[in-house]
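Fold and geometry: a report
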Amino acid sequence: MAMFQTLPGFRDFYPEDLARRNHIFRIWRQTASAFGFVEYDTPVLEPLDLYRAKSGDEIEAQLFSFLDKGKREVALRPEMTPSVCRLVGERAGSLKRPIKWFSIAEFYRYERMQKGRGRCFFQLNADIFGEAGPEAEIELIALQIQCIRAFGLTDKDFCVRLSDRTLWFHFLGSLGLDETRIRALLGAVDKHERNGDAAFKGYEEAFGPLDAGLKAGVLSFLSVRSFEALERALGGAGAEAAKARLDDWRKLLGGLEAMGLRDYVQVDLSVVRGLAYYTGFVFEAFDRKDELRALAGGGRYDDLVGKLGGSELPAVGFAIGDMTFALLLEERGLTPVISQAPDIYCVIGGAAERRAAFADIHGLRSMGYRVEYPMREVAFGKQFKAAADSGARIALIYGGDELAKGIVKMRDLGDRTEREFPAGGVTAAVREFFGSG
RNA sequence: GCGGUCAUAGCUCAGUUGGUUAGAGCACAAGAUUGUGAAUCUUGGGGUCGCGGGUUCGAGUCCCGUUGGCCGCCCCA
């Protein structure tokens, strides 16, 4: 038993774990880069007020926060959005638009552990700033889909549920509700999938019994699952603003259709996301079997940069976490086996042979080959077994006989054939082997 | 913050109504085997049985507490 354990909710990454994590990050990075996003990073530790400003005081319960030695209130970052809003806001005037940025970073939340959720986790965050139209959503939803698809998952495995807080505001506004009531009702909509009608409890406690007609309207609107149904549902509302909004929907869905991604998108008005700061389209990726928590989520937050960074700037972004995503890959058998095997394993006789081998070993390593050899003198039989077990493709043999003849043997560990090369010709032979193989 | 459940070697687990010095397989290491790979055999390292207390002549086993894991609730930026 180890003397010290990791703190609850924190994870050690053994080499095989880290290899899997890095593999996920590598593909996310390549994908975001292919979409023209550039990478940034921010401090892990931030002023506590940064998160209070965005989310209010109640957020503190879920934060790793403390007083630093200079008596500053600080917190480990629980999310990227406030930080990136600060960065972008500070240079909003000089950045070329649209601003397409991404990051892969670790976050910390003081929460109870659960399947797919720990107290530390990694997220890919991708955001577009400075583009108010649905073109930004097209780009981000496409990126979100591709970040999942790139691992071999298909529209049979996951989908992106798309909704729109703007239309919810139009719809509920047309029923005569004011903004506070609308926000409270959206909170209920967010919970309705999990809690059923009990989700309305909070609203009723604040504003009294829910009118039966209103409730029926809300339930019918949140059951909308297609664009056609959405058009029908808004037909009665009749407002010009709502009609204009439907044009944004047509652009968005049409763009994704043209990219061949329409089958990944499910219109679903029951998604509103709990966060009050979302202002427009919101979208969440789920596994199709709906066994796991959300894979990824995002939406438009046009007011936040102004609030946190000083300059008004429309924005839309999303995040994918590593934990639920890794669970899904695992379930679908798509967790890759990452080879950390050397390319070459050297079999070495005695001290003189070792000196000869070292010259080649260092030369080959300088060329970028992964080269391994036994640290101690070991029987040849064991060395060959170690060479095979290591996963190396070839063994270079530096024995007494070879040294005496001025040669090095190269053994193909796959087909077990051996060839001899003059001692000076090893690097060329290795290069030829890997070049042609 | 709340509830359920579990905790024996690196991993998977066994351990009888409470009874000698806590076991197996896998993995790791050494040897049989100082020039050629999947096998076999032998041997070894590795445990405060999560931690603390209690009952008892005696606790891995029973009781209480605690910590941690897993699952769920709250929350989920």
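Residues in contact with RNA strand B amount to 41 residues; listed here are only the nearest, Glu79, Leu275, Glu402, Arg411 and Glu418. Close to the protein, within 4 Å, the atoms of RNA strand B are drawn from sugar and phosphate at a rate of 48%. Between arginine 293 and RNA strand B, the recorded distance is 2.7 Å, taken from a side-chain N or O atom to a base oxygen. Contacts to RNA strand B include arginine 411, whose side-chain N or O atom sits 2.7 Å from a base nitrogen. Contributions of two or more residues to the surface near RNA strand B are made by helix H6 (179-195), helix H14 (380-390), helix H15 (400-405) and strand E15 (407-412). Looking at the surface near RNA strand B element by element, the count peaks at 5 residues for H14. Considered class by class, the residues forming the surface near RNA strand B number 13 nonpolar, 7 polar and 21 charged.

The mixed open sheet is built from 5 strands, whose spatial order is E13-E12-E14-E15-E16. Two strands close off the open sheet at either side, each with one partner strand: strand E13 (371-372) and strand E16 (418-422). Against the sheet, H14 contacts strand E12 (344-348), strand E14 (394-398) and E15, and its axis sits at roughly 175° relative to E12.

All right, on to helix H9 (residues 227-235) then. Buried within H9 we find Phe227, Ala229, Leu230 and Leu234. The buried residues of H9 occupy an angular sector of 155° when the element is viewed end-on, so they sit on one face.

Right, let's talk about the pairing of E16 for a bit. As paired strands, E15 and E16 are joined by 5 bridges and run antiparallel to one another. Residue pairing in the sheet places lysine 409 in a bridge with glutamate 420 of E16. In this antiparallel pair of consecutive strands, E15 and E16, the connection spans 5 residues, and arginine 416 shows a positive phi of 65°.

What follows concerns the domain arrangement of chain A. Segmentation of chain A into domains returns domain 1 (15-331) and domain 2 (344-436). A C-alpha centroid distance of 54 Å is found between domain 1 and domain 2.

Turning next to the pattern of salt bridges. The final tally for this structure, using the stated rule, is 32 salt bridges. Between aspartate 164 and arginine 245 there is a salt bridge, and its shortest N-O distance comes to 2.7 Å. In this pair, aspartate 164 is assigned in strand E7 (residues 158-164) and arginine 245 in helix H10 (residues 240-258), connecting sequence segments 81 residues apart. Arginine 245 shares its class with aspartate 164; the two are buried. When salt bridges that share partners are traced, they join Asp49, Arg52, Glu60 and Glu73 into one network.

It is worth spelling out helix H1 (residues 15-34) at this point. The end-to-end C-alpha distance of H1, which contains 20 residues, comes to 28 Å, matching closely the 28 Å that a straight helix rising 1.5 Å per residue would cover. Ala19, Arg21, His23, Ile24, Phe25, Ile27, Trp28, Thr31 and Ala32 are the residues of H1 that are buried. The elements touched by buried residues of H1 are strand E5 (99-108), strand E6 (120-129), helix H4 (135-149), strand E11 (315-321) and helix H12 (322-331). The positive-phi residue at the C-terminal boundary of H1 is glycine 36, with phi of around 85°.

Glancing now at the environment of arginine 26. With respect to the secondary-structure elements, arginine 26 resides in helix H1. Once the C-alpha coordinates of arginine 26 and isoleucine 104 are considered, the two residues, 78 residues apart in sequence, prove to be 10.0 Å apart.

Now for the packing of aromatic side chains. If you walk through the whole model with that rule in mind, you get 25 aromatic pairs. A centroid spacing of 6.4 Å and a plane angle of 25° characterise the contact between phenylalanine 227 and tryptophan 249, whose relative ring orientation is stacked. You can see phenylalanine 227 sitting in helix H9 and its partner tryptophan 249 sitting in helix H10, a full 22 residues away along the chain. As far as the burial class goes, phenylalanine 227 and tryptophan 249 line up, both buried.

Reading across the sheet, the 3 strands line up as E2-E4-E3 and stay open at both edges, with antiparallel pairing between neighbours. Either end of the sheet is taken by a strand with one partner, and the two such strands are strand E2 (45-47) and strand E3 (65-67). Strand-to-strand twist across the sheet, computed as the mean angle between neighbouring axes with direction ignored, equals 35°. By the bridge criterion, 3 bridges tie E3 to strand E4 (residues 73-76) in an arrangement that is antiparallel. In the sheet register, phenylalanine 66 faces E4, and the bridge partner there is valine 74. Across the sheet, helix H2 (residues 48-55) is in contact with E2, E3 and E4; its angle to E2 comes to roughly 65°.

Of note, the amide linkage connecting arginine 97 to proline 98 takes the cis form, showing an omega dihedral of 0°. As for its placement among the helices and strands, proline 98 is situated in the loop between helix H3 (81-90) and E5. The backbone of aspartate 290 sits at a positive phi, close to 60°, despite the residue not being glycine. Mapped onto the elements of the fold, aspartate 290 is located in the loop between strand E9 (281-287) and strand E10 (296-300). With a relative accessible area of 44%, aspartate 290 lands in the partly exposed category. You will see that arginine 416, though not glycine, has its phi angle at about 65°, which is positive. The topology assignment puts arginine 416 in the loop between E15 and E16. The class of arginine 416 is exposed, set by a relative accessible area of 63%.

Before going further, it helps to examine the environment of lysine 54. Among the secondary structure elements, lysine 54 is positioned in helix H2. With 219 residues separating them along the chain, lysine 54 and arginine 273 place their C-alpha atoms 16 Å apart.

Definitions and limits used
Residues numbered from 1 in each chain as written. Chains lettered and ligands numbered in written order. Predicted model: local features only at pLDDT ≥ 70, side-chain atom pairs only at ≥ 80, totals over all residues. Heavy atoms only, no water. Near = heavy atom within 4 Å. Polar contact = N/O pair within 3.5 Å; in protein donor to acceptor, adjacent residues only side chain to side chain. Helix = DSSP H or I, 4+ residues; strand = E, 2+ residues; numbered from the N terminus. Nonpolar A, V, L, I, M, F, W, Y, C, P; charged D, E, K, R; others polar. Pairing = 2+ DSSP bridges. Contact = heavy atoms within 4.5 Å. Axes fitted to C-alpha atoms, helices over the stretch in contact; angles between N-to-C directions. Buried < 20%, exposed > 50% of the residue type's maximum accessible area, 1.4 Å probe, protein only. Arc of directions from axis to C-beta. Domains from an automatic or database assignment. Salt bridge = Lys/Arg side-chain N within 4 Å of Asp/Glu carboxyl O. Expected span 1.5 Å × (residues − 1). Phe/Tyr/Trp six-rings, centres within 6.5 Å; stacked < 30°, edge-to-face > 60°.

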